[in-house]
Amino acid sequence: MWMLYGAYGHTGRRIAEEAAARGLRPVLAGRNAAAIEPLAQRLGCPCRVFSIDSAAQIAGNLGGIEAVLHCAGPFRTTGVPMMDACLRAKVHYLDITGEIDVIEAAAERHNQGIQTGVTLLPSVGFDTVPSDCLAAMLAARLPAATQLQLAFATFSRIGPGTARTMVGRMAEGGRVRVSGRIVKVPFAWKTMTVPFHSGPQQAVSIPWGDVAAAWHSTKIPNIEVYAATDPKQIATLRRTRFLFPLLRVPLVRTPLGLLIQRKLMRRSAADGADAGSSLWGRVCDGQKQSVEATLETVESYRLTVLTALAAVEKVTAGETPPGFLTPSLALGREFILSLPDTQIYWQ
Ligand SMILES: NC(=O)c1ccc[n+]([C@@H]2O[C@H](COP(=O)([O-])OP(=O)(O)OC[C@H]3O[C@@H](n4cnc5c(N)ncnc54)[C@H](OP(=O)(O)O)[C@@H]3O)[C@@H](O)[C@H]2O)c1
């Protein structure tokens, strides 16, 4: 029996609905009884209501549970208590974070996972399953690679939690990996023109989950991740980024954060074809050898539903070793190619 925590959120609900449509009966959980109980009733699933303020409190609510798929983000506040509760209760942990610190927190608990027989598998959504698989496929073709660049373009209407998480990332600034270490850089630090399958697009560097995950998957020491954005927005981001650290100040965070969240959601709804997602990646070895590929796949929230459920299936089938894993290590680097409407194009 597995648990979906955060089941009534924008993303959690989609995963719960797909699970129920497949005849699965996860325990749906969240902190608000008025939201969780009607959902569980509609989908014919059991439910549990509890808050996740401390690991001890969570662990007391995991009786009989084999694995938790944690969907209640931003994970920078909810991830570690849930991970520690899972280790305490000997329950496998999965989440849909894309936050670098949360992936690193799971990696730091690798030995505890091995000692307790618990698999720690964060970031099983759009961020980072397709990009992590792409990184691993590229690395397999150029094992001497020392540099990895990844980029993505999505056209999805983003949910409130995603917008809130994006504001948190802006507050923390940019991050890249240099010589194996995660290094702080300004937000929107670099730009490049990315040759996606559908044509070139401007993109800007962002602190995406692969800065953490791809290193664990490939051991490539230098990693940058870019998001396709229109040039006007890149200029705005660069002009205003000196204000982003203010988002860490509680009195500013609420009004300014809400303003940016609303803007991000409005903007994504206006873009909003909810069309497929495009990825690109390149590895280089510093000796003029490089390998490059593009990947076309499904819309990012749909992808998150499919990949999260595939990861839960793999973990609950006992097919993953204990300890920390990235998506490509857990599911296999070519896993992404098994999704519908997904195709890789080697350059
Ligand atoms: N990896 C990916 O590609 C990917 C894809 C989709 C989403 N995400 C991430 O997943 C997270 C959720 O996104 P969403 O769009 O589904 O957000 P959402 O609609 O706001 O849902 C968030 C859920 O988390 C719960 N929650 C938040 N903080 C909590 C806390 N401290 N304790 C207990 N429950 C808490 C909320 O419950 P209440 O309503 O009671 O606050 C709600 O059920 C975000 O961090 C987002 O970035 C990642």
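Residues numbered from 1 in each chain as written. Predicted model: local features only at pLDDT ≥ 70, side-chain atom pairs only at ≥ 80, totals over all residues. Heavy atoms only, no water.

## Notes on the site of the ligand
Argument step 1. Surveying the vicinity of the ligand reveals 26 residues, the closest of which are Tyr8, His10, Arg31, Asp127 and Thr165.
Argument step 2. Measuring from a nitrogen atom of the ligand, one finds a backbone N or O atom of isoleucine 96 at 2.8 Å.
Argument step 3. At 2.8 Å from a nitrogen atom of the ligand is found a main-chain nitrogen or oxygen belonging to aspartate 127.
Argument step 4. Protein chains shield 84% of the accessible area of the ligand, which is 920 Å² for the free molecule.
Argument step 5. Looking at the shell around the ligand, the elements with two or more residues in it are helix 1 (10-21), helix 4 (75-89), helix 8 (160-172) and helix 12 (300-316). (Near = heavy atom within 4 Å. Polar contact = N/O pair within 3.5 Å; in protein donor to acceptor, adjacent residues only side chain to side chain. Areas by Shrake-Rupley, 256 points an atom, 1.4 Å probe, with all protein chains shown as cover. Helix = DSSP H or I, 4+ residues; strand = E, 2+ residues; numbered from the N terminus.)

## Quick look at the pattern of salt bridges
Argument step 1. By the definition in use, this model includes eleven salt bridges.
Argument step 2. A salt bridge links glutamate 17 to arginine 42, with the shortest nitrogen-to-oxygen separation between them at 2.7 Å. Residue glutamate 17 is located in helix 1, and its partner arginine 42 is located in helix 2 (residues 33-43); the two are separated by 25 residues in the primary sequence.
Argument step 3. Judged by relative accessible area, which is 32%, glutamate 17 ranks as partly exposed. (Salt bridge = Lys/Arg side-chain N within 4 Å of Asp/Glu carboxyl O. Buried < 20%, exposed > 50% of the residue type's maximum accessible area, 1.4 Å probe, protein only.)

## Observations concerning the pairing of strand 14 (residues 290-297)
Argument step 1. Of all the eight residues making up strand 14, seven are buried; the element is thus mostly covered by neighbouring parts of the structure.
Argument step 2. Where strand 13 (residues 277-284) and strand 14 come together, eight bridges link them in antiparallel fashion. In the sheet register, leucine 279 faces strand 14, and the bridge partner there is leucine 295.
Argument step 3. Counted between consecutive antiparallel strands, the loop separating strand 13 from strand 14 contains five residues, among which glycine 286 sits at a positive phi close to 80 degrees. (Pairing = 2+ DSSP bridges.)

## Thoughts on the pairing of strand 4 (residues 67-70)
A regular strand places its side chains on the two faces of the sheet in alternate fashion.
Argument step 1. Of the two faces of strand 4, the one lined by Ala67 and Leu69 and the one lined by Val68 and His70 are each fully buried.
Argument step 2. In this region the chain leaves strand 4, passes through helix 4 and returns to the parallel neighbour strand 5 (residues 92-95); the handedness of that crossover is right-handed. (Right-handed = clockwise from strand over helix to strand, strands pointing away.)

## Quick look at the packing of helix 5 (residues 100-108) against helix 9 (residues 210-218)
Argument step 1. Where helix 5 contacts helix 9, the axes come no closer than 8 Å and their chain directions differ by 35 degrees. Contacts between helix 5 and helix 9 involve Ile100, Ile103, Glu104 and Ala107 from the former and Val211, Ala212, Ala213 and His216 from the latter.
Argument step 2. When grouped by side-chain class, the residues that make up the contact of helix 5 with helix 9 number six nonpolar, one polar and one charged. (Axes fitted to C-alpha atoms, helices over the stretch in contact; angles between N-to-C directions. Contact = heavy atoms within 4.5 Å. Nonpolar A, V, L, I, M, F, W, Y, C, P; charged D, E, K, R; others polar.)

## Digging into the environment of histidine 92
Argument step 1. Mapped onto the elements of the fold, histidine 92 is located in strand 5.
Argument step 2. Residue class for histidine 92 comes out buried when judged on its relative accessible area of 17%.
Argument step 3. The spacing of histidine 92 and phenylalanine 75 is 17 residues in sequence and 17 Å in space, taken between C-alpha atoms.
Argument step 4. What histidine 92 contacts, discounting residues up to four positions off in sequence, is Glu66, Ala67, Val68, Cys86, Gly117, Val118, Thr119 and Val315.

## Thoughts on the packing of aromatic side chains
Argument step 1. Across all of its chains, the model carries five aromatic pairs by this definition.
Argument step 2. Plain terms: the ring middles of tyrosine 5 and phenylalanine 50 are 5.2 Å apart, the flat faces sit at 50 degrees to each other, and that makes the pair tilted. Of this pair, tyrosine 5 sits in strand 1 (residues 2-5) while phenylalanine 50 sits in the loop between strand 3 (47-49) and helix 3 (55-59), and the two are 45 residues apart along the sequence.
Argument step 3. On the basis of relative accessible area, tyrosine 5 is assigned to the buried category, the value being 3%.
Argument step 4. Owing to a relative accessible area of 6%, phenylalanine 50 belongs among the buried residues under this scheme. (Phe/Tyr/Trp six-rings, centres within 6.5 Å; stacked < 30°, edge-to-face > 60°.)

## Notes on the sheet that holds strand 15 (residues 323-324)
Argument step 1. Taken together, seven strands build an open sheet; the order of strands is 3-2-1-4-5-6-15 and the sheet is parallel. Edge strands, defined here as strands with exactly one partner in the open sheet, are strand 3 and strand 15.
Argument step 2. Sheet analysis places strand 1 next to strand 2 (residues 27-30), joined by three bridges and oriented parallel. Within strand 2, the position partnered with methionine 3 by the bridge is valine 27.
Argument step 3. Relative to the sheet, helix 2 contacts strand 2 and strand 3, its axis offset from that of strand 3 by approximately 175 degrees.

Don't take any of this as a statement about function, it's just geometry.
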